Amino acid sequence: MRAGSFGQLTQDKENTTQVTFHYVEGHTETFTIPIPAQEFQEEVLHLLSQPWLTFHLVDQTVFICTARLVKVEIKPAIPELQGQGIFSNSMRVSTMQRAAAGRLPMS
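A.B. asks: Just to check I follow, could you spell out the sheet that holds strand β2 (residues 28-33) for this structure?
C.D. replies: Taken together, the three strands give an open sheet; going across it, the order is β2-β1-β5, and neighbouring strands pair in antiparallel fashion. Both outer strands of the open sheet, β2 and β5 (69-75), are each paired with one neighbouring strand and no more. The average angle at which neighbouring strand axes cross in this sheet is 20°, direction not considered. The sheet contact formed by strand β1 (residues 17-23) and β2 spans six bridges and is antiparallel. Note on β2: the bridge partner recorded for threonine 20 is threonine 30.

Now the structure itself:
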């Protein structure tokens, strides 16, 4: 892992991964970790099977209970993940797109 300040981490995006956790209770937290996405993808499925994840920040340590997560978002994308239950070339449909698709043509 690369040591450095937050400023250095945000400038070197190709060597960092952004992870957003969405909790059962409805709130979210985002962390930037100093690991390239390709390296992170090698561990992500194993990490999510752990009961707890630990993030050491400059001023505190944060423990994440994986049983309380409903969604995890990772940027940049890691399309190399493949296998059962993984859908490649997916697209997110926004609320506006759904509303537009549901409208009937006016006569």
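There is more to say, and it comes next.
A.B. asks: Got a minute to help me understand the pairing of strand β3 (residues 52-56) in this structure?
C.D. replies: A regular strand places its side chains on the two faces of the sheet in alternate fashion. Alternating residues of β3 divide into Leu53 and Phe55, all buried, and Trp52, Thr54 and His56, none buried. In this structure, β3 lies alongside strand β4 (residues 61-65), joined through five bridges in antiparallel fashion. Note on β4: the bridge partner recorded for leucine 53 is isoleucine 64.

A.B. asks: Would you mind showing me how to read the side chain of threonine 66 here?
C.D. replies: Within the secondary structure, threonine 66 is located in the loop between β4 and β5. A relative accessible area of 15% means that threonine 66 is categorised as buried. Look past the residues within four positions of threonine 66 in its chain and what remains in contact with it is Leu47, Leu48, Gln50, Pro51, Trp52 and Leu53.

A.B. asks: So what exactly am I meant to see when it comes to the pattern of salt bridges here?
C.D. replies: Between side chains of opposite charge, a pair can form as their charged atoms come close. Using the criterion set out here, one finds three salt bridges in the structure. Glutamate 25 is the partner of arginine 68 in a salt bridge, and the nearest nitrogen-oxygen pair spans 2.5 Å. Taken together, the residues arginine 68 in the loop between β4 and β5 and glutamate 25 in the loop between β1 and β2 connect sequence positions 43 residues apart. Arginine 68 sits in the partly exposed class, given a relative accessible area of 38%. For glutamate 73, the salt bridge is made with lysine 71, and the minimal N-O distance between the two is 3.1 Å. Bridged by salt links that share partners, the residues Lys71, Glu73 and Arg92 form one connected network.

Rules used throughout
Residues numbered from 1 in each chain as written. Predicted model: local features only at pLDDT ≥ 70, side-chain atom pairs only at ≥ 80, totals over all residues. Heavy atoms only, no water. Pairing = 2+ DSSP bridges. Helix = DSSP H or I, 4+ residues; strand = E, 2+ residues; numbered from the N terminus. Axes fitted to C-alpha atoms, helices over the stretch in contact; angles between N-to-C directions. Buried < 20%, exposed > 50% of the residue type's maximum accessible area, 1.4 Å probe, protein only. Contact = heavy atoms within 4.5 Å. Salt bridge = Lys/Arg side-chain N within 4 Å of Asp/Glu carboxyl O.

Function-wise, these values are silent; they only describe arrangement.
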